[in-house]
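Analysis of the macromolecular model
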Amino acid sequence: MASQIRKIHQQLMDKEITCTQLVQDKLKALKPNTHNTVNALLDDVALELAAKVDAKIKNGDSIGLLEGIPFGIKDVYMLQGTYTTASSDLLKHYKSAYTATAIQKLLDAGAIPLVKENCDSFGHGSSSENTIFGAVKNATNPNLVGGGSSGGSAVNVALDYTVFSIGGDTGGSIRQPAGYNSVYGLKPTYGRVSRYGLMAYASSTDCVGPIAKSVEDVCIVLNAMSGKDVKDQTTYASKEILETDIATTDGIKTVGYFKNFIESEAIHPDIKSSFLAAIEKIKAKGIAVKALDFFDANTLVSTYYTLAMAETASNLSRLDGTNYGNRIEAENLKETYAVTRSKNFSEETKRRIVGGNQVLSQGFSDEIYLKGLKLRDQISENFENDFKEVDIILSPVTPNTPPKIGDSLKDPMAMYLSDAYTVGFSLGELPTLTVPQGTATGLQITAAKHNDELVLKFANFLKDTI
Ligand code: GLN
């Protein structure tokens, strides 16, 4: 699909549509909340901003590419004055005191925020069922999950309720729902986009990224959000990716894939055969393909969940009903903390807090947490070696198609294992994009750290190849 952003920009400039009409139409589509994607509609602010864009156009002023483009925000980003609930009971009434850097940059470019989007509470999940706002339904089959944790964002884009949405990806939460709903979803290199104002899940892998319907739109939104931010010391300065930079396959000679992902018993036979068919098509275009060795799914998933749980237990310790959250008074302060947290966190979140505190506690941390850190280093080293031999790594997004609503809640272990193909790239801090092609849940394109440009380039090539 061609760029929706460019198309709408042209229509606005040519006065074929007004921004107010566009925003009203999108709000009307979102309002019935057909797929449980909406935590809060931002109608007042959206219409006010749209009127300003219309006034500018009427005046004959030129507008920027993102000016007047309606977008969605996963409900874990601060937007001053709006509720930011993380889909949790604890923060059900929490209003953001400031705006996240990535969102502010989009506002500065003139984009219009429409909706705070449903997701797994605090990003904990792979199905967007761990939420107080009702399970997000898949865009193509409402009996299936929307994926997670950025499920509401992916479904809104797939249904054209938003032109693009901003998700958050700690271990796959942009890429997996993008795959489940056949749209593009990018987890940029860790640090390319500031995390300031994103509610922290696991700070060492949390990434801000766009979900959209074309490579070009992903690129436009990524450029707008990227850059060094003094409020996030892990950010770095990056250069703008131009359309001409990603129009050719220059620099892509060899593509690798992980043998054990494809040979695993857990992969659905259709996903396996379509992945291998995609590899053949790439070879037919004269690109060399290399099978690579990698860590097995159990090691990847346990390393990721050990570190992610440790970090989330620590990050969420500040939510005790005193500075933040829905306080429930009890007999004394200690009891108040306990009741507030046990009543207001979901079962899944509590499982992670308990697990995380366990792996960090004296007597366990050397054996579990430090081992996890060591494995993470080995995984990163493995990637560094791979990228000496290949330019791109291609993989399926998930071993299986989306489960039915209700199934993941019954079997958390199966849900954790469904993240087998996404979490490794998070631990490696690598740029990885889901494209809605190749298998029933798409393909993931990964390049070396800081090489987000190559990922988008290869996505453009795949568009015409499979
Ligand atoms: N499903 C993974 C988890 O629950 C990833 C979630 C995410 O990226 N926020 O940890």
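Structural notes, computed from the coordinates. (Residues numbered from 1 in each chain as written. Predicted model: local features only at pLDDT ≥ 70, side-chain atom pairs only at ≥ 80, totals over all residues. Heavy atoms only, no water.)

What follows concerns the packing of aromatic side chains. As enumerated under the stated definition, the model contains 17 aromatic pairs in all. Ring geometry for Phe-71 versus Phe-164: centroids 5.1 Å apart, planes at 10 degrees, classification stacked. Taken together, the residues Phe-71 in strand β2 (residues 70–74) and Phe-164 in strand β4 (residues 164–169) connect sequence positions 93 residues apart. Each member of the pair, Phe-71 as well as Phe-164, carries the same accessibility label: buried. Seen from their ring centres, Phe-258 and Phe-383 are 6.3 Å apart, and the 50 degrees between their planes marks the pair as tilted. Highlighted residues: Phe-258 in strand β7 (residues 254–258) and Phe-383 in helix α13 (residues 369–389), separated in sequence by 125 residues. In this pair, the class of Phe-258 matches that of Phe-383, namely buried. An aromatic cluster is built from Phe-258, Phe-261, Phe-294, Phe-295, Phe-383, Tyr-421 and Phe-425, whose rings are joined through pairwise contacts. (Phe/Tyr/Trp six-rings, centres within 6.5 Å; stacked < 30°, edge-to-face > 60°. Helix = DSSP H or I, 4+ residues; strand = E, 2+ residues; numbered from the N terminus. Buried < 20%, exposed > 50% of the residue type's maximum accessible area, 1.4 Å probe, protein only.)

Moving on: the environment of Ser-203. Within the element layout of this structure, Ser-203 appears in the loop between β5 (184–187) and β6 (207–212). Judged by relative accessible area, Ser-203 falls into the partly exposed class, the value being 22%. With 68 residues separating them along the chain, Ser-203 and Ala-135 place their C-alpha atoms 26 Å apart. One polar contact links Ser-203 to Asn-315, side chain to side chain, over a distance of 3.1 Å. (Polar contact = N/O pair within 3.5 Å; in protein donor to acceptor, adjacent residues only side chain to side chain.)

By size, the foremost hydrophobic cluster in this structure holds 118 residues, and its most contacted members are Leu-106, Phe-164, Ile-166, Leu-394 and Phe-458. Apart from the residues lying within four places of it in its own chain, the contact partners of Phe-458 are Ile-252, Val-255, Ile-282, Ile-287, Ile-392, Leu-394 and Ile-445. By size, the runner-up hydrophobic cluster in this structure holds ten residues, among which are Val-157, Ala-178, Val-183 and Ile-211. (Core = buried A, V, L, I, M, F, W, Y, C linked by side-chain atoms within 4.5 Å. Contact = heavy atoms within 4.5 Å.)

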